[in-house]
Amino acid sequence: RNYHKMIDPAAAQTPAQLIGALFRQLRLAEGFTLRQLAERTGASISTLSDFEHGRKDPSLSTLTRYLAGLNQRLLIYNRYLNETQRQALERILKD
């Protein structure tokens, strides 16, 4: 494993690096490997790795799948979205 190559959120120099580092911490805290998360989300391991390293800016769809794969959807929804926004996003995700 190349943990030493990962970006510490405090040392991130771009928004993509910060978001990727924070999501990596979340993935590790949940106990998932990149392979497990790829299987849960349908994303490739390389796409998830590029995202966590800050090499790619993920789409909203990728972010949503990533969070859902980590069982974090409700936490994010409850913290950041009001009821109307949650309902609209749920409708979109069902399609």
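A brief report on the enclosed structure follows. As the structure is a prediction and not an experimental result, all values here were calculated from the model.

The α-helix advances 3.6 residues per turn, and as a result positions three or four apart in sequence lie on the same side. What helix 2 (residues 34–41) keeps buried is the set Leu34, Leu37, Ala38 and Thr41. All buried residues of helix 2 lie within an arc of 105° about the axis, which places them on one face of the element. Facing away from the buried surface of helix 2 by more than 90 degrees, the exposed residues are Arg35 and Glu39. Turning to helix 2, the residues buried within the fold contact helix 1 (15–29), helix 3 (45–52) and helix 4 (60–69).

A separate point is the packing of aromatic side chains. Counted according to the given criterion, the structure contains three aromatic pairs. Judged by centre distance (5.1 Å) and plane angle (85°), the rings of phenylalanine 51 and tyrosine 66 are edge-to-face. Here phenylalanine 51, found in helix 3, pairs with tyrosine 66, found in helix 4; they are 15 residues apart in sequence, far enough to count as distant. Residue phenylalanine 51 shares its accessibility class with tyrosine 66, and that shared class is buried. The structure contains a cluster of three or more aromatic residues connected by ring pairs, namely Phe23, Phe51 and Tyr66.

The next thing to look at is the pattern of salt bridges. Tallied over the entire structure, the rule returns two salt bridges. Linking glutamate 52 and arginine 27 is a salt bridge whose minimum nitrogen-to-oxygen distance equals 2.6 Å. Here glutamate 52 is found in helix 3, whereas its partner arginine 27 is found in helix 1, with 25 residues between them in sequence. A relative accessible area of 1% means that glutamate 52 is categorised as buried. Note that aspartate 50 and arginine 55 form a salt bridge whose closest N and O atoms lie 2.9 Å from each other. A residue is classified by how much of its surface remains accessible, and arginine 55, at 53% relative accessible area, is exposed.

In this structure, serine 46 sits in helix 3. For serine 46, a relative accessible area of 46% translates into the label partly exposed. Spatially, the C-alpha atom of serine 46 lies 8.8 Å from that of leucine 34, the residues being 12 residues apart in sequence.

Rules used in this analysis
Residues numbered from 1 in each chain as written. Predicted model: local features only at pLDDT ≥ 70, side-chain atom pairs only at ≥ 80, totals over all residues. Heavy atoms only, no water. Buried < 20%, exposed > 50% of the residue type's maximum accessible area, 1.4 Å probe, protein only. Helix = DSSP H or I, 4+ residues; strand = E, 2+ residues; numbered from the N terminus. Arc of directions from axis to C-beta. Contact = heavy atoms within 4.5 Å. Phe/Tyr/Trp six-rings, centres within 6.5 Å; stacked < 30°, edge-to-face > 60°. Salt bridge = Lys/Arg side-chain N within 4 Å of Asp/Glu carboxyl O.

Any functional reading would require information that these geometric values do not contain.
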